[in-house]
Amino acid sequence: MAHSSKIFCCFSFLFSTLSIIPLSHQLEQHPLDSLTPNEFIRVQAIVNQSHPTTTNDITFQYIGLNEPDKQALISWLQNHRTTPITAPPPRQAFVIARINHQTHELVVDLLYDNIVSDHIHHGFGYPLLTFEEQNGASQLVFNHAPFLAALNKRGLKVAEVICETFAIGWFGETKQNVDLEAMKITHFRDRLVVPVPKAAGTDYRESEQKEPFGPELKGITVVQPDGPSFIIDGSRVRWANWDFHLSFDARVGPIVSLASIYDTEKQEFRRVMYRGFVSELFVPYMDLTEEWYYRTFFDAGEYGYGLCAVPLEPLRDCPANAVYMGAYVAAQNGMPIEMPNVFCIFERNAGDVMWRHTETMIPPDLITEVRPDMSLVVRMVSTVGNYDYINDWEFKQIGSIKVTVGLTGLLEVRGSKYTHKDQIDEEVYGTLLAENTLGAYHDHFITYHLDLDVDGESNSFVKSKLQTVKVTDQTSPRKSYWKVVSETAKTESDAKIKLGSDSAELLVVNPNKRTKMGNFVGYRLIPGSVASPLMTDDDYPQIRAAFTEYNVWVTPYNKSEKWAGGIYIDQSRGDDTLATWTSRNRRIENKDIVLWYTLGFHHVPYQEDFPLMPTISTGFELRPANFFEYNPVLKVKGPSNVRWPNCSVSSSGLK
């Protein structure tokens, strides 16, 4: 157990219990499939056997798929279509373990059951926190006499209090902390007493709600009498014109790979994205008090965004037509743990319009053509402490991939002596939400790793600015217009973008492929809400999260560069991040490139966010840009109408 941690006691439950699952028969594997329960057990055995004389228990901080070499995988995919017996790339696991007070990075070969490499990490930072060490640390205080005395002083019962652990960050210390190695409390301070916020009205459970209630809506559901239109074959998902691979990782959650779309004109599937996932989440709070200043969380690198995934509630988290998939992670001892229903997959028909037109210029005919918008959604919810993140990857027939994240859950609040805003005469770093209850200002930054392979691996990044031009030569009565001025990024520094300053089209194009009209085939990034860090560049949390300084980065593909904050986030010092990688200013024109996109929220809490915050969402879209010769859904027909028993359809609706 390899990290320092601060223990904060409060009145909320943090993590649900996961159960160890029995082994089951495994289907034929795809090289990008998540590790199976049997593979977790084999990894554990191989690592334990390789260190038989260790004087301490080995703790497994992370076990995940060691992604195969990209070119080897692409070659295998191409050959596998014609020669199915072609051997796949080596199946390997990447392991981070603590052995004898040291952090080991191991690559385990699952074909030959041996260790390919064993590297000891000597730099800054520590690996993912495990649930076991967090729970163990939080229980220490209940046998700590000064803590029990503090409860007694406040008139609180032990049964009324729970504690949770927070990563301590880094604030210029020259030595690394390893308090969790010994699992001992090294310091306790009872600094101040504040009124405990009232519990009345804060229970959000449906069963505990009392009248009056809001207006009740009539029942609604989604029915597909012929079954879903998508096919799930192992981890491969096929729907409409899309074909992609879905896997799960304890650190980043869902990974969408090999996303390809069928081109009816060319009669072939064309690659859009090799691999896409959430790379990191940075959540810094703006409260400078002693109990809060260090709360600058990296939800993926410190806690595990996938590790914190929760089972989805049928008919609540997902509609009635959803299909569910589970996943597995490793416990601290390396054994597999089942995570049921972490994904739901469903077709969405929300009454939106994919395309339409009414032609009124050919009297007396009135021509109306409408196509309903249907899409396929892959969803996962990750509950990291108090926040629930709803993650959607949505595939549209027009060729778009729409990525959305919704934030809900509980606000992080602290007790206060204030009961009315007019009493406040100091900096309280937040909003007074209820009596004696302050909600702290904070940010959410979500960074995505998007390895786009637009019709092939060799791509370029193009920024097309919309430039205003004044008319000065009397050729038109108009005084101005705008034109598109495109610039292809040559190096990484050319591609760094802070959004919001000017209007621009951001494209990833294949400079080696053109449409019949001569345009480069491409995909464009359509951003959602734009937010940039407001902390100073020399602030310690911002040094560690320098990858949020720009909304857009582009790097040449490098298998090792997938986690924007570096491998070891806990107590990291910002020396292994996306920002440091790009300082090499490598060439990115006509290369295999990766697009990194950071979206964000500056969250000023409001009373409507308390006690439970309604979902607020944002995202981005990857949309075809001269990828097809014409509208790819021109010939798409809408789904067949569903006839309800004892109902008929009229122009005014159902009867």
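No experiment lies behind these values; they were computed from the predicted model shown.

Caption draft 1: Up close: the overall build of the protein chain. If you tally the helices and strands in the protein chain, you get 9 helices and 32 strands. On C-alpha atoms alone, the protein chain measures out to a radius of gyration of 27 Å, which is about the 26 Å that the 2.2 N^0.38 rule sets for 655 residues. For the protein chain, the spread of C-alpha atoms along the three principal axes comes to 85 × 70 × 65 Å. For the protein chain, buried positions account for 48% of its 655 residues. Split by element, the accessible area of the protein chain, about 32,600 Å² in all, is 52% carbon and sulfur. Taking the average place of the 61 positive charges on the side chains of the protein chain and the average place of its 79 negative ones, the gap between the two points comes to 5 Å.

Caption draft 2: Looking closely at the sheet that holds strand 5 (residues 114–121). Taken in spatial order, the 4 strands make up an open sheet running 2-3-4-5, and their pairing is antiparallel. If you trace the sheet from one side to the other, it starts and ends with strand 2 (59–65) and strand 5, each paired once. Put simply, the sheet's adjacent strands are angled 20 degrees from each other on average, direction ignored. Along the sheet, helix 1 (residues 37–50) contacts strand 2, strand 3 (92–99), strand 4 (102–109) and strand 5; its crossing angle with strand 2, the most-contacted strand, is approximately 130 degrees.

Caption draft 3: Spatial organisation of the nonpolar core. Counting residues in hydrophobic clusters, the biggest one holds 95 residues, and the most contacted among them are Trp393, Ile401, Tyr448 and Phe461. In terms of residue count, strand 11 (residues 268–284) provides more of this core than any other element does, 6 residues in total. Both of domain 1 (37–120) and domain 2 (233–460 + 489–625) provide at least three residues apiece to this core. Membership of the second largest hydrophobic core comes to 17 residues, among which are Val43, Val47, Ile63 and Leu65.

Caption draft 4: Expanded view of the state of the cysteines. Summed over all chains, the structure comprises 1 disulfide. Cysteine 318 shares a disulfide with cysteine 344; S-S distance 2.2 Å. Measuring handedness by torsion sign, the sulfur bridge of cysteine 318 and cysteine 344 sits at about -90 degrees and is left-handed. Here cysteine 344 lies in strand 14 (residues 336–348) and cysteine 318 lies in the loop between helix 6 (299–303) and strand 13 (323–330), a separation of 26 residues in the sequence.

Caption draft 5: The UniProt feature "active site" (unreviewed entry) in the protein chain, seen in detail. Following the UniProt record, the feature "active site" (unreviewed entry) maps to Asp299 and Tyr387 here. A compact arrangement is adopted by the annotated residues: their sequence extent is 89 residues, whereas the largest C-alpha distance between any two is 10.3 Å. One can find aspartate 299 in helix 6. For aspartate 299, the residues in contact, after removing those within four places along its chain, are Glu280, Leu281, Val283, Gly304, Tyr305, Val384 and Tyr389. Mapped onto the elements of the fold, tyrosine 387 is located in strand 18 (residues 387–396). When sequence neighbours within four positions are dropped, the list of residues in contact with tyrosine 387 reads Tyr285, Ser382, Thr408, Leu410, Leu411, His442, His444, His603 and Met613.

Caption draft 6: Representation of empty space enclosed by the protein in the model. Across all of its chains, the model carries 5 cavities of 30 Å³ or more by this definition. Lining the largest cavity are 22 residues, and of these Tyr62, Leu65, Phe248, Asp249 and Ile255 lie nearest its centre. Elements with a contribution of two residues or more to the lining of the largest cavity: strand 2, strand 9 (242–249), strand 11 and strand 13. Ranked by residue count, the leading element in the lining of the largest cavity is strand 2, at 4 residues. Within the lining of the largest cavity, the residues separate by chemical class into 14 nonpolar, 3 polar and 5 charged. Two domains share the lining of the largest cavity, each providing at least three of its residues, namely domain 1 (37–120) and domain 2 (233–460 + 489–625). Considering only enclosed or pocket space, the second largest cavity measures out at about 60 Å³ in volume. In terms of lining residues, the second largest cavity is bounded by Tyr262, Asp263, Thr264, Glu265, Phe628, Glu629, Tyr630 and Pro632. Each residue belonging to the lining of the second largest cavity can be placed in one class, and the counts come to 4 nonpolar, 1 polar and 3 charged.

Caption draft 7: Molecular detail of the side chain of lysine 70. Note on placement: lysine 70 falls in helix 2 (residues 70–82). On the basis of relative accessible area, lysine 70 is assigned to the buried category, the value being 2%. Setting aside its immediate chain neighbours within four residues, lysine 70 contacts Tyr274, Asp451, Asp453, Glu457, Tyr557 and Asp592.

Caption draft 8: Spatial organisation of the packing of aromatic side chains. Summed over the entire model, instances satisfying the criterion amount to 28 aromatic pairs. The interplanar angle of 70 degrees and the centroid separation of 5.1 Å between the aromatic rings of phenylalanine 171 and tyrosine 293 together place this pair among those described as edge-to-face. Note that phenylalanine 171 is positioned in the loop between strand 6 (162–167) and helix 5 (179–182) and tyrosine 293 in the loop between strand 11 and strand 12 (296–298), a separation of 122 residues in sequence. Relative accessible area serves as the criterion here: at 23%, phenylalanine 171 is assigned to the partly exposed category.

Caption draft 9: Representation of the pattern of salt bridges. Summed over all chains, the structure comprises 36 salt bridges. The residue arginine 189 makes a salt bridge to glutamate 290 at a minimum N-O spacing of 2.3 Å. Taken as a pair, arginine 189 in the loop between helix 5 and strand 7 (231–233) and glutamate 290 in the loop between strand 11 and strand 12 lie far apart in primary sequence, 101 residues in all. The structure contains a network of salt bridges with shared partners spanning Arg348, Asp373, Arg379, Asp392, Glu394 and Lys396.

Caption draft 10: Highlighting the pairing of strand 30 (residues 613–625). For strand 19 (residues 401–409) and strand 30, the ladder comprises 8 bridges, and the chain directions are antiparallel. Note on strand 30: the bridge partner recorded for valine 405 is threonine 618. Sheet topology note: the strand 27 (residues 520–527)/strand 30 ladder contains 6 bridges and is antiparallel. Within strand 30, the position partnered with leucine 525 by the bridge is leucine 622.

Caption draft 11: How the structure looks around the domain arrangement of the protein chain. Its domain assignment divides the protein chain into domain 1 (37–120) and domain 2 (233–460 + 489–625). The distance between the C-alpha centroids of domain 1 and domain 2 comes to 28 Å. Opposite the 24 residues of domain 1 that make contact, domain 2 presents 26 residues. The contact between domain 1 and domain 2 buries some 2,100 Å² in all, and 58% of this surface belongs to carbon and sulfur atoms. Summed over the shared surface of domain 1 and domain 2, the result is 4 salt bridges. Its salt-bridge partner being arginine 275, residue glutamate 67 comes within 3.2 Å of it at the nearest N-O pair. Going through the elements one at a time, helix 1, strand 2, helix 2, strand 3 and strand 4 are the ones with two or more residues in the side of domain 1 that touches domain 2. No other element matches the 6 residues that strand 2 contributes to the side of domain 1 that touches domain 2. Grouping the amino acids of the side of domain 1 that touches domain 2 by side-chain chemistry returns 14 nonpolar, 6 polar and 4 charged.

Conventions we followed
Residues numbered from 1 in each chain as written. Predicted model: local features only at pLDDT ≥ 70, side-chain atom pairs only at ≥ 80, totals over all residues. Heavy atoms only, no water. Helix = DSSP H or I, 4+ residues; strand = E, 2+ residues; numbered from the N terminus. Rg over C-alpha atoms; globule rule 2.2 N^0.38 Å. Buried < 20%, exposed > 50% of the residue type's maximum accessible area, 1.4 Å probe, protein only. Areas by Shrake-Rupley, 256 points an atom, 1.4 Å probe, with all protein chains shown as cover. Lys, Arg positive; Asp, Glu negative; His and termini not counted. Charge placed at Lys NZ, Arg CZ, Asp CG, Glu CD. Pairing = 2+ DSSP bridges. Axes fitted to C-alpha atoms, helices over the stretch in contact; angles between N-to-C directions. Contact = heavy atoms within 4.5 Å. Core = buried A, V, L, I, M, F, W, Y, C linked by side-chain atoms within 4.5 Å. Domains from an automatic or database assignment. Disulfide = S-S within 2.5 Å. UniProt positions renumbered as here; feature names shortened; annotations may be inferred. 1 Å grid on protein atoms, 1.4 Å probe; cavity = no way out; pocket = protein on both sides within 12 Å on 5 of 7 lines; lining within 4 Å. Points joined across faces, edges and corners; volume = space filled by probe spheres on them. Nonpolar A, V, L, I, M, F, W, Y, C, P; charged D, E, K, R; others polar. Phe/Tyr/Trp six-rings, centres within 6.5 Å; stacked < 30°, edge-to-face > 60°. Salt bridge = Lys/Arg side-chain N within 4 Å of Asp/Glu carboxyl O. Buried area = accessible area lost by both parts, 1.4 Å probe.

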